[in-house]
Structure formats: structure tokens, C-alpha cells
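Secondary and tertiary structure notes
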Amino acid sequence: MTPETLEKIAVADFERFRSMFYRKTGIHFENSKRYFVDKRLHERMKATGHTNFKSYFTFMRFQASGEEFQNLVNAMTVNETYFFREEYQFDAMTRYIMDELDSYRPPGEDLRIWSVPSSTGEEPYSIAIHLIENWKGLAHRDVEIASSDIDSDVLASAKKGLYSKRSVQNIPTALVKKYFIETNGQFQLCDDIRESVSFSLANILSGTNMKGFRHFDLVFCRNLLIYFDDESRKKAAHVLFDAMKPGGYIFLGHSESMSRISSMFKVRKFGDVIAYQKPLAGGA
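I will try to describe carefully the structure that is included in this document.

**Section: the packing of helix α1 (residues 11-25) against helix α3 (residues 53-62)**
In the contact formed by α1 and α3, the axes pass within 11 Å of each other and the chain directions differ by 15 degrees. Considering their axes alone, α1 and α3 lie roughly parallel with respect to each other. Crossing angle aside, the handedness with which α1 passes α3 is left-handed. Contacts between α1 and α3 involve Asp13, Arg16, Phe17 and Met20 from the former and Phe53, Lys54, Phe57, Met60 and Arg61 from the latter. Looking at the contact of α1 with α3, its residues break down into five nonpolar, no polar and four charged.

As C-alpha cells, this is what we get:
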């Protein structure tokens, strides 16, 4: 089946798809993304043997397993990341925030960190490396790192822990040698770091899906909210708030601001780094 045999997607059909995808994921595609969306839809139509959008759309929506919708989500989401991205937040974590969280929690209780979206794993693994290298509290306090994404393909890639030279280019050479094995231009992350992170499939805007995500002390949710409209951002803020323990912190991407979305969080500054805190019990 060649691209020429695929039926052009009508404006009304594009609107139907955009509305459905938004309801299920919170991601809204602007008209400027029309070429990208059409291209991905045609790829999935070709892969499933459908020559027109209506038959594909019906098949995808009512497939009992939901497999094709997941394939479509994987095709529509962009996963661009690398190790030690926005490293100043990791520095704030190990210099200030972990000690503060450690002082709140009873002895013997794990500190829990959630990285969402995980993409291909560079962020949660960066968190693990920074903690090992820079936070002395690991000597007496265990840390649990969980990471989630809506895209099942990137989760599978994250679990493998195999990266390109570009992905590791911001890591100091000594740490690359310490935590990776280079083979044929690829960099395999060591088992100890890979096993320190648990990965799971999650849609942050699915109420049922998110019930199991609770009691986190620190959340990294960077460059996710920029894909949402105002309504979805507010819903996501409530989900994140509910997922956190009182006194917990959340980091957003450099172009994102929780203050513009929700008044539930307190703004905290650690040097030049902004984090948002869920107030402690009693409003402290």
C-alpha cells in the first residue's frame, strides 16, 4: 500500500480525531501540527491495512485490547531528552531538597521520587546518578525512584538503558566511564543504576490510572504541561498535588510555571532554582 492509495483525511475527520485524542490524553494538537498528525495517522492506517480514515478510526476506537490506540499514542508523542538536562534542578535536589525532606520523614521511611514523563529514561537515571554522587543522606535513607510515561515504546527503551553518544554528551567523562560500557558507539548503562528505577505505563489525566500513584516526596514533571491546554493543565496540577506527600516538591520545565496554573503549591527558591511545594499539614 503506497501513500498515494491512502485517502486524504478530511477536516471534519481531523477534528474528530483531535477531540478524541484530547479527551483521552489531554494533548491538544494545534492546526499548525496538522501535517505531523496526518503523517502519523497515515503511517498507522498503512500499518493496519486501512485505506481510509473512517475505517481506521472505527477500528482503533473499538478494538477491545486497546493495542492500536497505544500504538497511535506512541506515534504521536515526542520524546526528546538527554542525560543531565537542566542539571541545576538535580543540583538543587541534592544540595537542599533531599536534606529538607529527610528531616520531615520518620527514620526508616523511604523517600520516594517520581519522574513523569520518563521518555527513554535519561531523566530518572540522571536522578539516580546525582543522588549516588552528591547526596550523603543515602548512607542512612533509602530512596525509591519511579518513572512513568504514556508511551509504551519509550518505556521499553528506558528499561534497556542503551544510549547514543548524544544522550550522554553532558555527563562528565569520569561518570560515563563509571556508569556506562561503550560498545560500537553505544553506551550501556550499568545494571545497578537500571535496577534502581521502576518504570510503568501511566496517563496522568486518567483518574483510574493514577489512583496507584501516591505518597511521593519529590516529583520531576518537566516539559509535559506545555502540551496541554489550560483545562488539562489544571487537571494535571490536581493529579500531581494528590500524588505528593505534604511538604513534597515538584520541579517543572524551565518554560513552565505552576503559579500560572494552580494556587495550591507554595513557590520555593533554592538559589536561582524554582520548585513548588505542597504545604505541610497545618499550612506551614
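**Comments concerning the environment of Thr81**
Within the fold, Thr81 resides in the loop between α4 (67-76) and α5 (87-104). Expressed as a C-alpha distance, the spacing of Thr81 and Glu123, which sit 42 residues apart in the sequence, is 7.9 Å. Excluding residues within four positions of it along the chain, Thr81 makes contact with Ser119, Thr120, Glu122, Arg166 and Ser167.

**Things to note about the pattern of salt bridges**
Side chains that carry opposite charge are capable of pairing whenever their charged atoms lie near each other. For the structure shown, the criterion picks out 16 salt bridges. Across the salt bridge formed by Arg18 and Glu15, the nearest N and O atoms sit 2.6 Å from each other. Placement of both Arg18 and Glu15 in helix α1 is noted, with a separation of three residues, approximately one turn of the helix. Judged by relative accessible area, which is 9%, Arg18 ranks as buried. With a closest N to O distance of 2.5 Å, Asp217 and Arg105 form a salt bridge. Of this pair, Asp217 sits in strand β7 (residues 216-221) while Arg105 sits in the loop between α5 and β1 (111-115); the two residues are 112 residues apart in sequence, bridging distant segments of the chain. Assessed through its relative accessible area of 1%, Asp217 is described here as buried.

About the criteria used
Residues numbered from 1 in each chain as written. Predicted model: local features only at pLDDT ≥ 70, side-chain atom pairs only at ≥ 80, totals over all residues. Heavy atoms only, no water. Axes fitted to C-alpha atoms, helices over the stretch in contact; angles between N-to-C directions. Helix = DSSP H or I, 4+ residues; strand = E, 2+ residues; numbered from the N terminus. Parallel < 35°, antiparallel > 145°, perpendicular 65-115°, else oblique. Left-handed = near helix turned anticlockwise from the far one by under 90°. Contact = heavy atoms within 4.5 Å. Nonpolar A, V, L, I, M, F, W, Y, C, P; charged D, E, K, R; others polar. Salt bridge = Lys/Arg side-chain N within 4 Å of Asp/Glu carboxyl O. Buried < 20%, exposed > 50% of the residue type's maximum accessible area, 1.4 Å probe, protein only.

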